[in-house]
Amino acid sequence: KNADSYNPNEPQCVFLSGVLYSQMKEYNEAVKKFKLVISTSPFHAEALYHLAFCYYQVRNFELSLNFAKKSKSASPTKIENYIIIAESYMAQKDKDECFKTYEEAKKAGLVSYQLLYSNAVAYQAFDMWQEAIDILKKAIELDDSNFAAYYALSLSCLKLDLREEAYEALKRTLELNPNHT
């Protein structure tokens, strides 16, 4: 568990040290490493993204947004930037900016299961159940082996009293992950 076993003169080693700290959920230590990287490489997109991620994990959404936007400027096709920006807005209950971010990703031609699933969770967070169902169905088209989308679909269907659809989605959830409760 020694994330500091690196050559401190190599920025990539400092970056990887930050990644290790982040994976160990030692976000304050990770932030120090990523800030050191951007002090010498201010447009290091991955370090900027990881700073955004660490700040998101410690619920500092303002700094998360700040670094995610910088990362997006440095790497505009990285889907994770859009996700963390939208989810930071969602955590701040800023519905308009949240959905504007998903729309921006869509306009940029970015599509992935993760982006669609995150968008659906945002719809659920704002009690927009039919929209969540529509997006979850698209996510399932991209990856029909991910139980999380089926489970989220079952919950959204229940909210709209679509019992048969909810049952089928929950049945598929348990087929994919029998231990899910």
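All of the points below concern the structure found in this document. (Residues numbered from 1 in each chain as written. Predicted model: local features only at pLDDT ≥ 70, side-chain atom pairs only at ≥ 80, totals over all residues. Heavy atoms only, no water.)

**What to know about the pattern of salt bridges**
Stated formally: Any Lys or Arg side-chain nitrogen located within 4 Å of an Asp or Glu carboxyl oxygen qualifies as a salt bridge. Starting at the N terminus, helices and strands are each numbered in turn, a helix being any DSSP run of H or I of at least four residues and a strand any DSSP run of E of at least two. The classification of residues rests on relative accessible area computed with a 1.4 Å probe and restricted to protein chains. Under 20% of the type maximum is buried, over 50% is exposed, and intermediate values are partly exposed.
Counted according to the given criterion, the structure contains 8 salt bridges. Two residues, Lys-78 and Glu-46, come together in a salt bridge whose shortest N-O distance is 3.0 Å. In this pair, Lys-78 sits in the loop between α4 (61-74) and α5 (79-91) while Glu-46 sits in helix α3 (residues 45-57), placing the two residues 32 residues apart along the sequence. Residue classification places Glu-46 among the partly exposed residues on the basis of a relative accessible area of 30%. Linking Glu-104 and Lys-72 is a salt bridge whose minimum nitrogen-to-oxygen distance equals 2.5 Å. On the criterion of sequence distance, the pair formed by Glu-104 in helix α6 (residues 95-107) and Lys-72 in helix α4 is long-range, its members being 32 residues apart. In this structure Glu-104 comes out as partly exposed when scored by relative accessible area, which is 33%. Through salt bridges with shared partners, a single network forms among Glu-46, Lys-78 and Glu-80.

**Details of the side chain of Ser-154**
Our working definition: In this description, contact between two residues means that some pair of their heavy atoms is separated by no more than 4.5 Å.
Here Ser-154 shows up in helix α9 (residues 147-159). Residues within four places of Ser-154 in sequence aside, it is in contact with Ala-166, Ala-169 and Leu-170.

**A closer look at α6**
To keep it simple, the criterion reads: Helix span, as expected, comes to 1.5 Å for every residue beyond the first. The arc in question is the one traced by the directions running from the helix axis out to the C-beta atoms.
End to end, α6 covers 18 Å across 13 residues, agreeing with the expected 18 Å (1.5 Å per residue, within 8%). Regarding α6, the residues found buried are Cys-98, Phe-99, Thr-101, Tyr-102 and Ala-105. Looking down the long axis of α6, one finds its buried residues gathered within 145 degrees of arc, a one-sided arrangement. Set apart from the buried face of α6 by more than 90 degrees, the exposed residues are Asp-96 and Lys-107. Elements that come into contact with the buried residues of α6 comprise α5 and α7 (113-125). Gly-109 lies just past α6 and shows a positive phi near 80 degrees.

**Describing the environment of Phe-34**
You can see Phe-34 is positioned in helix α2 (residues 27-40). Using a relative accessible area of 0% as the deciding quantity, one classes Phe-34 as buried. A sequence separation of 92 residues divides Phe-34 from Phe-126, and the C-alpha atoms of the two residues are 33 Å apart.

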